[in-house]
Amino acid sequence: MNDWLSQHNSSPVVLAQAQQPAETTTTPTTSADPVESGPLIPRSEYSLYASPILVFLLIMLVVIIGTRRLKIVPRGMQNFLELVVESLNGIPEMVMGPRGRQYAPFVSTFFLYILLVNLSGLIPGLKSGTASLSITVGLGVTAFFAVQYFGFRAKGIRYLTHFIGPVPLMAFLILPLELIAEFFRPVSLSFRLYGNIFGEEQIIHALSTQFFPLVAVLMLPLQIITSVLQALVFALLVTVYIALATEEHEEHKEHAVVEETAPAH
Amino acid sequence: MVYFAALAIAIGLGTALAAFGCGLGQGNAVRGALEGVARQPEAQGRILVLMILGLALIESLTIYALVLGFRLITFLPATADVLKAIGTGH
């Protein structure tokens, strides 16, 4: 089920094994090998791709049902959804002040999607989609291009000037550094998410196969915390990147606004 | 054989060393944040957010080491196979 686990069973030693005459005594380690005894509920490798689809359908369903009959005074589901949207709007407003409101839909889409895909790993038989590098790299690259787009939209061609630093003479020193930092952002974003979720999955897998399976239940609260925290960190970092790309130079005014509107909770 | 031994030591030590440095760094960051909150309890919300952001950035270095370790583990043979190959099957 885990390609990196099953793969190394048939790795280089097979060659050495062939020269060895047939050995009749089986080693005690063979029966205790963690790869042979599977987890409690077997998971297909393709369940990795089921979780993003599931999350997509879930979000679509909730949005379609929740926004069908909108009222001025919200009741029931609309009330709950408004609570969610209000608190998600708080993420960019906390970093950028009222200016952050326009980026709230983008950032909260990232947050909701990553949170739900992370949490879907808790469903038996499913695996978190973010434990696959292809999905997290997709998210990281999306964030990268979006930040460039927001930068150009907010500042026009002047956006490119922040790559060369404040002093034009020093540009040949600053430019490579800034470019490397800029292009490394999607890499660090996606590897952080992938490493956290994949590592968590592997620890739970190792615990449930090497010990009594219920020991792994102790790790599940930790997985919930990791899921929420990583979604929050991804959304916050994207917000900070957007804030850096779109900030204007009159910083004193901006900071004053941020201090005033920042919620103290 | 020496190759596999070196690989195994590298996998074990690499993540452990990264975790060591990460623990020091995160301890420093949390200490700073706690001192800030103790001095100014009303700034707790903003300090918490900034601390989590900083912790994530520090932690990502360890995560890189972890990902590298996971990649390197695929090059290690299983214990049973090695024992069979050496001929000391018990």
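Residues numbered from 1 in each chain as written. Chains lettered and ligands numbered in written order. Predicted model: local features only at pLDDT ≥ 70, side-chain atom pairs only at ≥ 80, totals over all residues. Heavy atoms only, no water.

## Quick word on helix H2 (residues 44-73) of chain B
Over its 30 residues, H2(B) extends 42 Å from the first C-alpha to the last, a length consistent with the 44 Å expected when each residue adds 1.5 Å. The largest bend along H2(B) measures about 30° and falls at B:Ser60. (Helix = DSSP H or I, 4+ residues; strand = E, 2+ residues; numbered from the N terminus. Expected span 1.5 Å × (residues − 1). Bend = angle between axes of the 7 residues up to and from the residue.)

## Describing the packing of aromatic side chains
Applying the stated rule across the entire model yields 13 aromatic pairs over all chains. Chaining the aromatic ring pairs together yields one cluster made of A:Tyr103, A:Phe106, A:Phe110, A:Tyr149, A:Phe150 and A:Phe234. (Phe/Tyr/Trp six-rings, centres within 6.5 Å; stacked < 30°, edge-to-face > 60°.)

## Quick notes on the nonpolar core
In this structure, A:Phe110, A:Phe111, A:Ile114, A:Leu189, A:Phe234, A:Val238 and A:Ile242 are the most contacted members of the largest nonpolar core, which totals 42 residues. Taken together, the elements giving at least two residues each to this core come down to helix H5 (77-96), helix H6 (104-119), helix H7 (133-155), helix H8 (171-210) and helix H9 (220-246) of chain A together with H2 of chain B. The dominant element in this core, judged by the number of residues it contributes, is H9(A), at eleven residues. Setting aside residues up to four positions removed in sequence, A:Val238 forms contacts with A:Phe106, A:Phe110, A:Ala143 and A:Leu189. (Core = buried A, V, L, I, M, F, W, Y, C linked by side-chain atoms within 4.5 Å. Buried < 20%, exposed > 50% of the residue type's maximum accessible area, 1.4 Å probe, protein only. Contact = heavy atoms within 4.5 Å.)

## What to know about empty space enclosed by the protein
Residues and elements named next belong to chain A. In this structure the tally under the stated criterion is one cavity of 30 Å³ or more. Its volume calculated, the largest cavity comes out at about 60 Å³. In this structure, the largest cavity is lined by Ala143, Phe144, Val147, Gln148, Glu182, Arg185, Pro186, Leu189 and Tyr241. Where the lining of the largest cavity is concerned, the elements lending two or more residues are H7 and H8. (1 Å grid on protein atoms, 1.4 Å probe; cavity = no way out; pocket = protein on both sides within 12 Å on 5 of 7 lines; lining within 4 Å. Points joined across faces, edges and corners; volume = space filled by probe spheres on them.)

## Quick look at the confidence of the model for chain B
All names here are of chain B. Residues at a pLDDT of 70 or more form 97% of chain B, whose mean pLDDT is 87. Within chain B, helix H1 (residues 2-39) carries the highest mean pLDDT (92), whereas helix H3 (residues 79-86) carries the lowest (80). For this predicted complex, the interface score ipTM comes out at 0.73, alongside a pTM of 0.75. (pLDDT = per-residue confidence, 0-100.)

## Quick look at the pattern of salt bridges
All names here are of chain A. Throughout the structure, instances matching the rule amount to two salt bridges over all chains. Taking the shortest distance from any N to any O, the salt bridge between glutamate 93 and arginine 101 comes out at 3.2 Å. For arginine 101, a relative accessible area of 46% corresponds to the partly exposed category. Taking the shortest distance from any N to any O, the salt bridge between arginine 185 and glutamate 182 comes out at 3.4 Å. Of this pair, arginine 185 and glutamate 182 both sit in helix H8, separated by three residues, roughly a single helical turn. Of the two residues, arginine 185 and glutamate 182, both sit in the buried class. (Salt bridge = Lys/Arg side-chain N within 4 Å of Asp/Glu carboxyl O.)

## Side note on the confidence of the model for chain A
Model confidence for chain A is summarised by a mean pLDDT of 76, while 77% of its residues fall at 70 or above. Within the model, pLDDT remains below 50 along residues 1-38 of chain A, and this stretch shows 53 contacts once partners closer than five positions in the same chain are excluded.

## Quick look at the packing of helix H4 (residues 47-66) of chain A against H5(A)
Residues and elements named next belong to chain A. Interhelical geometry of H4 versus H5 gives an angle of 120° and a closest axis separation of 10 Å. The angle between the axes of H4 and H5 places the two elements in the oblique class. The element H4 and its partner H5 pack so that their crossing is left-handed. Taking contact as the criterion, the partners of Val62, Ile65 and Gly66 in H4 are, on H5, Met77, Gln78 and Leu81. Taken together, the residues that form the contact of H4 with H5 break down as four nonpolar, two polar and no charged. (Axes fitted to C-alpha atoms, helices over the stretch in contact; angles between N-to-C directions. Parallel < 35°, antiparallel > 145°, perpendicular 65-115°, else oblique. Left-handed = near helix turned anticlockwise from the far one by under 90°. Nonpolar A, V, L, I, M, F, W, Y, C, P; charged D, E, K, R; others polar.)

## Observations regarding the layout of surface pockets
Rolling a probe over the atoms, with the probe sized like a water molecule, indicates the empty space that remains. Residues and elements named next belong to chain A. The calculated volume of the largest pocket comes to roughly 720 Å³. What lines the largest pocket is a set of 24 residues, and nearest its centre among them are Ile59, Val63, Val84, Val85 and Leu112. Mapped onto the lining of the largest pocket, the elements with two or more residues apiece are H4, H5 and H6. Here the lining of the largest pocket gets eight residues from one element, more than from any other, and that element is H5. Class assignment of the residues belonging to the lining of the largest pocket gives a composition of 17 nonpolar, six polar and one charged.

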